[in-house]
Structure formats: C-alpha cells, structure tokens
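# Structural overview
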Amino acid sequence: MDWLDEVKWDPQGLIPVIAQEASTGDVLMFAWMDREALRKTAETGRAVYFSRSRAKLWFKGEESGHVQQVHEIRMDCDSDVLLLKVTQLGHDPSIACHTGRHSCFFHLYRDGAWQVVEPVLKDPSTIYKAP
C-alpha cells in the first residue's frame, strides 16, 4: 500500500497541516495539502501546500523567499491532521506569515478582545508582488 493511502483525506482530497518551528516549538501557520503537495514535500524536504484560494500547489516561499525546510512530517492518531517540524528560512528573524510576522498566530484573546502581540518584521508590500 502507498503511504499516502494511509492519510484520511477530506472530501475535497485535502488534509490540514500545522507548521511548527523545530528549534523553538512555535506554531507558525496552518495550511492544507493534497496528495501531490504531501508527496512533493516528502521528496524535496521543502514545504509544499495546496492553496484553496488559488486552487493550485503553493511552494512555501515561492514569491516571498520565506521557505520552510522540513525536518519531520508527523500524522496524528486519527490520520487526519499533519504536523510539519520546519526551519523557517529567508529572513532573520524568521517570517512565516503573509502579514510579515514570525507566526500567523499573532492575535491573543485577552480581556474580552483580540490583541495583536507580534510585530510586523517586514512590510508585506515589499515581500509580495502586486496582483
């Protein structure tokens, strides 16, 4: 049996993926993969996701240069969520979020409101091309 057949893909053929920084344990981002993205990630050691908004493969860092080197691919006990242990490359300190922040999880719920608790490390308009 192909190792990809052990994954419980959702009805759209996708699986949720959490990217975690290997060195710090910081949760960097959440994304989706299809079979091809997971296969390419395993083959290349570089994170490849499936962009639902663009309906195509998305090589993390293809535009921004903020690449994720993958050290481990883990699957949860139900085989329906993946965890990537990565090193985020391309900027120091590392940037994983399209907002120019280290992590996509920069909103903290405190005192009845969401508060931004991580700074923008690089202006997103200097990272990405205008559509």
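Keep in mind the model is a prediction, meaning the values are calculated, not measured.

### Some points on a nonpolar patch on the surface
Taken together, the side chains of V27, F30 and F105 make up a nonpolar region of the molecular surface, amounting to roughly 280 Å² of accessible area. Tracing the backbone through its elements, the reader meets V27 in strand β2 (residues 27–33).

### Quick notes on helix α1 (residues 35–44)
Those residues of α1 that fall on the buried side of the exposure criterion are A37, L38 and T41. The buried residues of α1 occupy an angular sector of 95° when projected down its axis, which confines them to one face. What points out from α1, more than 90 degrees from its buried face, is the exposed set E43 and T44. Where α1 is buried, its residues contact β2, β3 (48–51), β4 (56–59), β5 (68–75) and β6 (82–88). Structurally, the start of α1 carries an N-cap: the backbone nitrogen of E36 is 3.3 Å from a side-chain oxygen of D34. At the exit of α1 stands G45, carrying a positive phi of roughly 75°.

### Considerations on unusual backbone geometry
Omega for the peptide link from D92 to P93 comes to 5°, which places this bond in the cis form. Look at A55: it is not a glycine, yet its phi comes out positive at around 55°. Its location among the elements puts A55 in the loop between β3 and β4. Notably, S79 is not glycine yet its phi reads approximately 65°, a positive angle.

### Quick word on the layout of surface pockets
One number sums up the size of the largest pocket: a volume of about 490 Å³. Lining the largest pocket are 22 residues, with M29, S51, R54, W58 and H98 positioned closest to its centre. Counting only elements with at least two residues in the lining of the largest pocket, the list comes to β2, β3 and β4.

### So, the sheet that holds β5
Whether parallel or antiparallel, the strands of a sheet pair through hydrogen bonds between backbone atoms. Taken in spatial order, the four strands line up as β2-β1-β6-β5 in an open sheet, and their pairing is mixed. Two strands lie at the open edges of the sheet, namely β2 and β5, each paired on one side alone. This sheet shows a mean twist of 25° between the axes of neighbouring strands, independent of strand direction. Where strand β1 (residues 15–21) lies against β2, six bridges are found, and the strand directions are antiparallel. In the strand pairing of β2, I18 is matched with F30. Sitting on the sheet, α1 is in contact with β2, β5 and β6, with an inclination near 120° to β5.

### Describing the pairing of β1
β1 sits mainly inside the fold: six of its seven residues count as buried. Once β1 ends, the chain turns through five residues before running back antiparallel as β2, passing G25 with a positive phi of about 85°. Pairing analysis gives five bridges linking β1 to β6, with the strands arranged parallel. Each residue of the ladder has a partner; that of I18, found in β6, is L83.

So, how was this worked out
Residues numbered from 1 in each chain as written. Predicted model: local features only at pLDDT ≥ 70, side-chain atom pairs only at ≥ 80, totals over all residues. Heavy atoms only, no water. Patch = residues over 30% accessible without salt bridge, like charges linked within 9 Å, V, L, I, M, F, W, Y side chains within 5 Å. Areas by Shrake-Rupley, 256 points an atom, 1.4 Å probe, with all protein chains shown as cover. Salt bridge = Lys/Arg side-chain N within 4 Å of Asp/Glu carboxyl O. Helix = DSSP H or I, 4+ residues; strand = E, 2+ residues; numbered from the N terminus. Buried < 20%, exposed > 50% of the residue type's maximum accessible area, 1.4 Å probe, protein only. Arc of directions from axis to C-beta. Contact = heavy atoms within 4.5 Å. Polar contact = N/O pair within 3.5 Å; in protein donor to acceptor, adjacent residues only side chain to side chain. 1 Å grid on protein atoms, 1.4 Å probe; cavity = no way out; pocket = protein on both sides within 12 Å on 5 of 7 lines; lining within 4 Å. Points joined across faces, edges and corners; volume = space filled by probe spheres on them. Pairing = 2+ DSSP bridges. Axes fitted to C-alpha atoms, helices over the stretch in contact; angles between N-to-C directions.

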